[in-house]
Amino acid sequence: MGEEKRKGGDEEEAAVAAARAAEQARELQDAAAALLTRTRAEEEALRLRAAALQGELRRLRKVAADSHADSDKVEEDLDRATCLIADGDVASLLPSKTHGTFLKMFLGPVNLRATRKEVQLKVKEEYNSYRDRTALLFLGFPVILLFLRQWLWNGCFPALPVQLYQAWLLFLYTTLALRENILRVNGSDIRPWWILHHYCAMLMALISLTWEIKGQSQPDCARKQRGVELFLCWAIMQGFVMMLQNRYQRQRLYTRIALGKAKRMDVVWGETAGVEGQLLLLCPLLFLLQGFEGYVGFLLLRTAHTGVIPEWQVVVCGILLIAMAIGNFANTVDTLMTKSRFKAKMKKSKGKRDLDTCPSPTGSSPTDSIAKA
């Protein structure tokens, strides 16, 4: 009897505790719902203020341009306000760029905009690190293939290693395009050409996977694999330039952030080189690479026309290489002209702006923000 009574008491206590927990859960739910409702209302009010201020800044810039005002103070104040909005916590309140068909095709209609600035910066840093890692593979993979061709494969590539490399290129350019589209949604100022360039490279890698590789059993395979050899030589040059570009552009980007001419979410594609001496080194390499890229595309078209490699894939890959070479050349020239115009403008002005033109939202200088990032 005593044991049954004790069990009944335990059950009653459990029922009371469960009821209390359920009541606490309801109270917590009501408090959380009220907080979220209040937060959404305050966030919407801030969104309206941010959008209105952004429109006002655009109007003031237009008025200043139409009136040909040459006031350093006006330009500095407008730059300071624009930078705080674009690079501070206010940026998360502004309407994000459209996701585009590419992201929707791979990821569906999901929201990829990070609301916290540190998450956005983490995505950007991971993208830069990914480019550094893949540049090594971009350089090393074709070097190994050419070395094995000469010393192990008797001058002819087996089909499988080349197709593995082409599959890796497809994976590389697809992941780069995905990451860059996500960065654009989160506020990075990536030139549209670089994303389009990676779309073209994805298409070329996909088509090259269907390219029939004449193996060692085929007669005159070395001659028929001339296109593959040229492509691998171009890839080596591309990998070497990518490694230089990544290093120099990252240094340049940090400088531009410190001067208030770039946002912390921008990536290294936007600049041609780091400092003046680096520019003198990198520009000839870039133009040489673009010329060789176009030359390889022309040779592929020529081999297809003469019947050495008659597949349609060779024609499409040749056209894509020439198109990418022309686009890269035009983009590089445009970047250099923009850089030249900016330098001329700086010479006319009294001097460079103070490094505090774009302070971080916490009030520290941009160089402090870089150190923290």
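Since the structure is predicted, the reported quantities are computational estimates derived from the model, not experimental observations.

## Quick notes on the overall build of the chain
A tally of regular secondary structure across the chain gives 11 helices and zero strands. Ordering the α and β elements of the chain from the N terminus gives α-α-α-α-α-α-α-α-α-α-α. When the 373 residues of the chain are sorted by exposure, 40% land in the buried category. Intrachain contacts of the chain at a sequence separation of at least 6 include 76% that bridge at least 24 residues.

## Quick word on the UniProt feature "transmembrane region" (unreviewed entry) in the chain
In this numbering, the UniProt entry assigns the feature "transmembrane region" (unreviewed entry) to residues 134–152, 164–182, 194–213, 228–246, 267–292 and 312–337. Within the segment residues 164–182, helix and strand shares are 100% and 0% respectively, and the terminal C-alpha atoms sit 27 Å apart. Annotated as residues 194–213, this span is 80% helix and 0% strand, and its ends, taken at the C-alpha atoms, are 30 Å apart.

## Section: the pattern of salt bridges
According to the stated counting rule, one finds seven salt bridges in the structure shown. Among the ionic pairs, Arg59 bridges to Glu56, the shortest N-O distance being 2.7 Å. Placement of both Arg59 and Glu56 in helix α1 (residues 2–66) is noted, with a separation of three residues, approximately one turn of the helix. Given a relative accessible area of 32%, Glu56 falls into the partly exposed group. Salt-bridge contacts for Asp334 lead to Arg191; the nearest nitrogen and oxygen are separated by 3.2 Å. Within this pair, whereas Asp334 is found in helix α10 (residues 312–348), its partner Arg191 is found in the loop between α5 (159–185) and α6 (192–209), the two being separated by 143 residues in sequence. Among the ionic contacts, a cluster of salt bridges with common partners joins Glu126, Arg133 and Arg179.

## So, the packing of aromatic side chains
For any two aromatic rings, the description comes down to two numbers: the centre-to-centre distance and the angle of the planes. Considering all chains together, one arrives at 12 aromatic pairs under this definition. Judged by centre distance (6.3 Å) and plane angle (20°), the rings of Tyr165 and Trp168 are stacked. With a gap of three residues between them, Tyr165 and Trp168 both fall in helix α5, about one helical turn apart. In terms of burial, Tyr165 and Trp168 fall into one category: buried.

## Some thoughts on the packing of helix α3 (residues 100–107) against α5
Direction vectors running N to C along α3 and α5 enclose 115°, while the axes themselves pass 10 Å from each other. Of the two elements, α3 crosses α5, and the hand of that crossing is left-handed. Where α3 abuts α5, its residues Phe102, Leu103, Phe106 and Leu107 lie against Thr174, Ala177, Leu178, Asn181, Ile182 and Val185. Each residue belonging to the contact of α3 with α5 can be placed in one class, and the counts come to eight nonpolar, two polar and no charged.

## Examining the nonpolar core
Counting 55 residues, the largest nonpolar core has Phe138, Phe157, Tyr165, Leu169 and Tyr173 as the members making the most contacts within it. Elements with a contribution of two residues or more to this core: α3, α4 (117–151), α5, α6, α8 (226–259), α9 (276–306) and α10. Per-element tally for this core: the top contributor is α5, with 11 residues.

## Digging into the packing of α4 against α5
Interhelical geometry of α4 versus α5 gives an angle of 165° and a closest axis separation of 11 Å. By the angle between their directions, the pair α4 and α5 is classed as roughly antiparallel. Here α4 and α5 pass one another in a crossing that is left-handed.

## Things to note about the environment of Glu311
Positionally, Glu311 belongs in the loop between α9 and α10. C-alpha separation for the pair Glu311 and Glu212, spaced 99 residues apart in sequence, amounts to 8.1 Å.

## Some details on the side chain of Ser208
Secondary-structure assignment places Ser208 in helix α6. A distance of 2.8 Å separates a polar side-chain atom of Ser208 from the backbone oxygen of Ala205. Excluding anything up to four places from it in sequence, Ser208 contacts Gln166 and Cys317.

## With respect to the environment of Leu289
Within the secondary structure, Leu289 sits in helix α9. Accessibility expressed as a relative area gives 6% for Leu289, which makes it buried. Leu289 sits 39 residues away from Asn328 along the chain, and the two C-alpha atoms are 9.6 Å apart. Apart from the residues lying within four places of it in its own chain, the contact partners of Leu289 are Trp234, Met237, Gln238 and Val241.

## Description of the environment of Val110
With respect to the element layout, Val110 can be found in the loop between α3 and α4. Along the sequence, Val110 and His99 sit 11 residues apart, while their C-alpha atoms lie 8.9 Å from each other.

About the criteria used
Per chain, residues are indexed from 1 in the order of the written sequence. Selection of residues for local features in this predicted model requires a pLDDT of at least 70, selection of side-chain atom pairs for listing and counting requires 80 or more, and totals for whole chains, interfaces and linings are taken over all residues. Neither water nor hydrogens contribute to the side-chain values; these are computed over all heavy atoms in the structure. A helix here means a DSSP run of H or I that spans at least four residues, while a strand means a run of E at least two residues long, and both kinds are numbered starting from the N terminus. Residue exposure (1.4 Å probe, protein chains only): buried if accessible area is under 20% of the type maximum, exposed if over 50%, otherwise partly exposed. Residues are treated as being in contact if the distance between any of their heavy atoms lies within 4.5 Å. UniProt positions are given in the numbering used here, feature names are shortened, and annotations may be inferred rather than shown by experiment. Salt bridges, as used here, are contacts in which a Lys or Arg side-chain nitrogen is within 4 Å of a carboxyl oxygen on Asp or Glu. Between 30 and 60 degrees the pair is tilted, below 30 it is stacked and above 60 it is edge-to-face, where a pair is any two Phe, Tyr or Trp rings, Trp via its six-membered ring, whose centres lie within 6.5 Å. Axis definition: a line fitted to C-alpha atoms, limited for helices to the stretch in contact. Angles are taken between N-to-C directions and run from 0 to 180 degrees. In this scheme, a crossing is called left-handed if the near helix is turned counterclockwise away from the far one by less than a right angle; it is called right-handed if the turn is clockwise. The residue classification treats Ala, Val, Leu, Ile, Met, Phe, Trp, Tyr, Cys and Pro as nonpolar and Asp, Glu, Lys and Arg as charged. All others, Gly included, are polar. By convention a nonpolar core is built from buried Ala, Val, Leu, Ile, Met, Phe, Trp, Tyr and Cys residues, the set being connected through side-chain atoms within 4.5 Å. Each angle is binned into one of four classes, with values under 35 degrees roughly parallel, values over 145 roughly antiparallel, values of 65 to 115 roughly perpendicular, and all other values oblique. Whenever two N or O atoms come within 3.5 Å, that pair is a polar contact, provided that in protein one can donate a hydrogen and the other can accept it, and provided that, for residues adjacent in sequence, both atoms are side-chain atoms.

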